Amino acid sequence: NKLVYEWNDNEKEYACDKTIHKLFEEQVAKTPDNIAVVFHETKLSYQQLNVQANKLARYIRKHYLSIHGEEMKPDTLIGLFFDRSIEMIVGILATLKAGAAYVPIDPKYPNDRITYILKDTNTSIVLTQTHLHDDFMNFETVNVITVDDQPFQSEKEGNLEKYCDFNNLAYVIYTS
């Protein structure tokens, strides 16, 4: 009884009216210098990850505006075409901060599968890594941002204004 009811009492109230990225920003404020993510030898603190995501989010919004001639709306889908990496985490968080939802696309998918996902989601922007960039040269309707090239470094570091709320999409996942 003690094991089941007392030691396993892990029920907790969670804020149901906050977005993932807002909760992340609250954690940044509490523990900015703590390590948030580690991949191989690379580590980013909460503050470092937040700054990179904020800069990329602003860049995504500007890029979308330059392509479409209008501001990006909530529930816009952004493709993420990454190998597991720090850039993938930055891309996920930046997409959410930009007010969009992400669509993970596995680099191992066959081209037909990638084409289907891109068309079905009407994705016009894909975030990726330099070594995977050429894989998107066949998709004319897609604008590719190579995150590891860091074209967003001149953007502002601070948190973005609110572009979406807890009722908007966070991601769309295609399963087999």
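Calculation rules
- Residues numbered from 1 in each chain as written.
- Predicted model: local features only at pLDDT ≥ 70, side-chain atom pairs only at ≥ 80, totals over all residues.
- Heavy atoms only, no water.
- Buried < 20%, exposed > 50% of the residue type's maximum accessible area, 1.4 Å probe, protein only.
- Helix = DSSP H or I, 4+ residues; strand = E, 2+ residues; numbered from the N terminus.
- Arc of directions from axis to C-beta.
- Contact = heavy atoms within 4.5 Å.
- Expected span 1.5 Å × (residues − 1).
- Right-handed = clockwise from strand over helix to strand, strands pointing away.
- Pairing = 2+ DSSP bridges.

S.K.: So what exactly am I meant to see when it comes to helix 5 (residues 111-121) here?
M.R.: Side chains that are three or four residues apart share a direction in an α-helix, a result of its 3.6 residues per turn. What helix 5 keeps buried is the set Ile-114, Ile-117, Leu-118 and Thr-121. Buried residues along helix 5 cover an arc of 95° about the axis, so they all sit on one side. Among the exposed residues of helix 5, those pointing more than 90 degrees away from its buried face are Asp-112 and Lys-119. Where helix 5 is buried, its residues meet strand 3 (77-81), strand 4 (101-104) and strand 5 (125-128). Backbone geometry just after helix 5 places Asn-122 at a positive phi near 55°.

S.K.: I would appreciate a short explanation of helix 3 (residues 46-68) in the present structure.
M.R.: In this model, helix 3 (23 residues) spans 32 Å end to end at C-alpha, consistent with the 33 Å of a helix rising 1.5 Å per residue. Residue Gly-69 follows helix 3 closely and has a positive phi angle near 75°.

S.K.: Would you take a moment to explain the pairing of strand 3 for this structure?
M.R.: Each regular strand displays side chains that alternate between the two surfaces of the sheet. Taken across its 5 residues, strand 3 has 5 buried, putting it largely inside the fold. Side chains Leu-77, Gly-79 and Phe-81 project from strand 3 onto one buried face, and the interleaved Ile-78 and Leu-80 project onto a second face that is buried too. Since strand 3 and strand 4 lie parallel, the crossover through helix 4 (residues 86-97) that links them has a hand, and here it is right-handed. Bridge count for strand 3 against strand 5 is 3 bridges, and the pairing is parallel. If you follow Gly-79 over to strand 5, its bridge partner there is Val-126.

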